[in-house]
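Here is what each chain is made of, one letter per residue.
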There are 2 protein chains.
Amino acid sequence: MPLATPLDRLDEPSCPTTHGTVAPDRVALAEGVLGATLALRHAGVQRVNLRWRLVGADGAPVHAVLGGISATRHVAAARDGEPDGWWQDQVGPGRVFDIARVRVLSFDWIGRDGTLDAPLDTRDQADALAVLLDHLGIARLASIVGSSYGAMVGLAFAERHPALVERLVAISGADRADPYAAAWRSLQRRVLDLGRDGPEAVALARQFAMLSYRTPEEFAERFDAEPTWDGDRLRCAAQDYLDAAGSRFAAVFSPIAFRRLSESIDRHRIDPARIATPTTVIAIEQDRLVPLDDLRRLARGLGGPARLAVLSSRYGHDAFLKEPAAIARLLRVALDTPLHATRQDSAA
Amino acid sequence: MPLATPLDRLDEPSCPTTHGTVAPDRVALAEGVLGATLALRHAGVQRVNLRWRLVGADGAPVHAVLGGISATRHVAAARDGEPDGWWQDQVGPGRVFDIARVRVLSFDWIGRDGTLDAPLDTRDQADALAVLLDHLGIARLASIVGSSYGAMVGLAFAERHPALVERLVAISGADRADPYAAAWRSLQRRVLDLGRDGPEAVALARQFAMLSYRTPEEFAERFDAEPTWDGDRLRCAAQDYLDAAGSRFAAVFSPIAFRRLSESIDRHRIDPARIATPTTVIAIEQDRLVPLDDLRRLARGLGGPARLAVLSSRYGHDAFLKEPAAIARLLRVALDTPLHATRQDSAA
């Protein structure tokens, strides 16, 4: 789950500033907050705090790893005592991102902390990443590996800043939102409105979102028990699971962040033909949020070398979190194999 | 849509009573309200008003036609000046149910008028139909043709009252609720709770239900436009459609009826092996609410002669309303062809 780790909270720094630390024993780790002025696409010039984290061997190639709307910069623990990150399975010794050989950069989405109540755009996030690279003195990313919202931001980045990235991996994110999924998200935002942004509304909106992240196949295996009565209300077998996840989310996620990042997904439109960066698109056959056909269309439309890999998973959209071994295999191919101008389809 | 026609409202009669009329020019029509005492499975002994309607030639075989939770007894207009019914396409001269040759019986679900705030069961609905047959002097139904909730009730009826029905057609309804669909409905009921049963809550809950009735394929064709701003809120391309349908529904449908009938779907469990009635199961390949696999399992598990027909439709669960020609073809086969003890699969 995107919220597998508690969200660590940084104190607001005076802007602009950065602070960093290095772990002497295992691996270099730097974290910071960059106060930046960005011209947002739909919200004018805004002062934002970019919270970033860079983990790995000094001077090694940098991969930007970007997750879903609830992901943070905390991709993986890099030192003893740190909590696991949201993609811990892919980062560490012997893993896809071996931080003895590469560096992993990530940042908290603009708007992620709920302090910016303004329309956001995936292109804003892409520009924020470009500003961050400039600040950190990173001339070029070895790759952007983005999942879900991160894939959309990666595509927007490749469209807007082609010189700054060598390779793109887009997992379960397309050039634009699927209309049915957009309607689903639109109704989630209505839940926030109906519940006046209260924690119950955030929890319920998240529960609807979770249904779109998972599949009937998984629910049939896990939640086939008969419903029970809870006073005068019928409880379905999945309700405990949904309630726990909804409450956990509502405790740490702002309704403003939910609404603005959700809107940002639905506004997302990039032109695949304008992307020349070698790109691997990874699609999940059972994804109910980002249909396979949408990712086929994306892969076919990309302007540069492109490859489509299709994974079958009962976890649907959440496969990037729940199928670490299969995703790792696809990532290794995506990051290690040269992509030629001819397009290839492969199935996992 | 289930609400294509305005819901006509009957004045409360004193119970028990019936009233009927016959249209002399075209076809016999009888309508009535039967005050009945029923022992409900989970709500004790209750006095209920069964609103029924019987259309067709006097003495002709009777088919019970049952629809979704929002359907009413008004299956089809039978006289000039009456509004169309929810299955008008299947009833009339030259149609599957030619009311010069057969009669069509239907009734409003127990709880449909919102006056009974108690747990309901598909077996209660089946028992209500049996009481109605007794009252009307109908010894045996030629068939029950049920869609969605109506299919579940038809299955419950065949299990409980096998002597009273010759043949069953179950369209998009299974022996039990799919766990994922049950979670989806459970969250819709939470929307009612969050919005304290107000009309906005009913409309929003209905909109989530509508997503489960339709498919991404249909939305991709109809709602591919970019989202727009409505003040400070992003509106997806499908929002006008969803809003209109939600408001229409909330104007005529009680939150109590919504909750109790929705619960009733999730409680529904029958044992297919106990059904000996010859049965045709009609499944829609793209149905997101009642997956094809569930209907395969149902058809395989039925105790009597059974046939499975699979229809491909971008309308998903709503195909029984939106694909009249294809459904009519399948219904003719289901009603006219003898079903042998060997089970058959067919695809449309």
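Just so you know, these numbers come straight off a predicted model, no measurement behind them. (Residues numbered from 1 in each chain as written. Chains lettered and ligands numbered in written order. Predicted model: local features only at pLDDT ≥ 70, side-chain atom pairs only at ≥ 80, totals over all residues. Heavy atoms only, no water.)

**As for the packing of helix α4 (residues 199-213) of chain A against helix α6 (residues 239-252) of chain A**
Residue and element names in this part refer to chain A. Two elements in contact, α4 and α6, have axes separated by 8 Å at closest approach and are oriented at 125°. One element, α4, and the other, α6, form an angle in the oblique class. In terms of crossing hand, the pair formed by α4 and α6 is right-handed. Residues P199, V202, A203, R206, Q207 and M210 of α4 touch α6, and the partners they reach there are Q239, Y241, L242, D243, A245, G246, S247, F249 and A250. Looking at side-chain class alone, the contact of α4 with α6 contains nine nonpolar, four polar and two charged residues. (Axes fitted to C-alpha atoms, helices over the stretch in contact; angles between N-to-C directions. Helix = DSSP H or I, 4+ residues; strand = E, 2+ residues; numbered from the N terminus. Parallel < 35°, antiparallel > 145°, perpendicular 65-115°, else oblique. Left-handed = near helix turned anticlockwise from the far one by under 90°. Contact = heavy atoms within 4.5 Å. Nonpolar A, V, L, I, M, F, W, Y, C, P; charged D, E, K, R; others polar.)

**Quick word on the interface of chain A and chain B**
Taken together, the contact pairs 51 residues of chain A with 51 residues of chain B. Together, Y180, L187 and L194 of chain A form the three largest contributors to the area buried by chain A at its contact with chain B, with a combined 17%. At the surface where chain A touches chain B, the tally comes to eight salt bridges. Put simply, R233 of chain B and D193 of chain A hold a salt bridge, and the shortest N to O gap is 3.0 Å. At the boundary of chain A with chain B, the tally comes to 16 residue pairs in polar contact (both at pLDDT 80 or more). (Buried area = accessible area lost by both parts, 1.4 Å probe. Salt bridge = Lys/Arg side-chain N within 4 Å of Asp/Glu carboxyl O. Polar contact = N/O pair within 3.5 Å; in protein donor to acceptor, adjacent residues only side chain to side chain.)

**Some details on the pattern of salt bridges**
All names here are of chain A. One pass over the full model with this rule turns up 60 salt bridges over all chains. One salt bridge connects R51 with D113, and the closest N-O pair in it is separated by 3.2 Å. Here D113 lies in the loop between β4 (103-107) and α1 (122-136) and R51 lies in strand β2 (residues 44-56), a separation of 62 residues in the sequence. Residue R51 is classed as buried on the basis of its relative accessible area, which comes to 7%. (Buried < 20%, exposed > 50% of the residue type's maximum accessible area, 1.4 Å probe, protein only.)

**Examining the nonpolar core**
The biggest cluster of nonpolar side chains holds 173 residues, and the ones touching the most others in it are L129 and L141 of chain A together with L129 and L141 of chain B. Apart from residues no more than four positions distant in its own chain, L141 of chain B is found in contact with V62, H63, A64, L105, L129, L133, F157, L164, V165 and E166 of chain B. (Core = buried A, V, L, I, M, F, W, Y, C linked by side-chain atoms within 4.5 Å.)

**Brief notes about the environment of L29 of chain B**
Residue and element names in this part refer to chain B. Of note, L29 is situated in strand β1 (residues 29-40). Given the relative accessible area of 1%, L29 is considered buried. In this structure, the C-alpha to C-alpha distance between L29 and R79, residues 50 residues apart in sequence, is 8.4 Å.

**Digging into the packing of aromatic side chains**
Summed over the entire model, instances satisfying the criterion amount to 22 aromatic pairs over all chains. Ring centres of Y180 of chain B and W184 of chain B lie 5.9 Å apart, and the angle between their planes is 85°; on these two criteria the pair is classed as edge-to-face. In this pair, Y180 of chain B and W184 of chain B are both assigned in helix α3 (residues 179-194), four residues apart and thus about one turn of the helix distant. A residue is classified by how much of its surface remains accessible, and W184 of chain B, at 0% relative accessible area, is buried. Taken together, the aromatic side chains of Y180, W184, F219, F223 and Y241 of chain A together with Y180, W184, F219, F223 and Y241 of chain B make up a single cluster linked through ring pairs. Residue placement shows R222 of chain B over the ring face of Y241 of chain B; its charged tip is 4.4 Å from the ring centre. (Phe/Tyr/Trp six-rings, centres within 6.5 Å; stacked < 30°, edge-to-face > 60°. Lys NZ or Arg CZ within 6 Å of the ring centre and 35° of its normal.)

**Some thoughts on the domain arrangement of chain A**
Residues and elements named next belong to chain A. According to the domain assignment, chain A contains domain 1 (29-176 + 270-347) and domain 2 (179-265). Placing the centre of domain 1 and that of domain 2 at their C-alpha centroids yields a distance of 25 Å. On the side of domain 2, 21 residues touch domain 1, which itself brings 28 residues to the contact. Buried area between domain 1 and domain 2, summed over both chains or domains, comes out near 2300 Å², and the portion from carbon and sulfur atoms is 60%. Our count for the contact surface shared by domain 1 and domain 2 stands at three salt bridges. For the salt bridge of R214 with D318, the shortest nitrogen-to-oxygen distance reads 2.8 Å. Where domain 1 packs against domain 2, one counts seven residue pairs in polar contact (both at pLDDT 80 or more). Every element with two or more residues in the side of domain 1 that touches domain 2 is listed here: α1 and α2 (149-160). (Domains from an automatic or database assignment.)

**Re the environment of R140 of chain A**
Residues and elements named next belong to chain A. With respect to the helices and strands, R140 occurs in the loop between α1 and β5 (143-147). Classification of R140 as partly exposed rests on a relative accessible area of 43%. Contacts of R140, omitting those with residues within four sequence positions, involve P162, A163, L164, V165 and E166. Within the local environment of R140, its side chain forms a polar contact with the backbone oxygen of A163, the two atoms lying 3.1 Å apart.

**Observations regarding the relation of the copies chain A and chain B**
For the match of chain A to chain B, the screw axis carries a shift of 0.0 Å, the RMSD comes to 0.0 Å, and the turn is 180°. Taken together, the rotation angle and the small translation identify this as a two-fold axis. Comparing interface residues between copies, 100% of those in chain A also lie at the interface in chain B; the contact surface is shared. (Least-squares fit on C-alpha atoms with pLDDT ≥ 70 in both.)

**Thoughts on the side chain of H161 of chain B**
All names here are of chain B. By the secondary structure assignment, H161 is in the loop between α2 (149-160) and β6 (168-171). Taking the relative accessible area as the measure of exposure, H161 reaches 19% and is therefore buried. Within the structure, H161 has its side chain in polar contact with the side chain of D127 (distance 2.8 Å). If we ignore the near neighbours within four places in the chain, the residues touching H161 are A126, D127 and A130.

**Considering the packing of α3 of chain B against helix α4 (residues 199-213) of chain B**
Residue and element names in this part refer to chain B. Running from N to C, α3 and α4 cross one another at 165°; their axes reach a closest spacing of 8 Å. Here α3 is positioned roughly antiparallel relative to α4, judged by the angle of their axes. In the crossing of α3 with α4, the sense of the turn from one axis to the other is right-handed. Of α4, the residues touching α3 (which contributes W184, Q188, V191 and L192) are A201, V202, L204, A205, F208, A209, L211 and S212. Class assignment for the residues of the contact of α3 with α4 results in 10 nonpolar, two polar and no charged.

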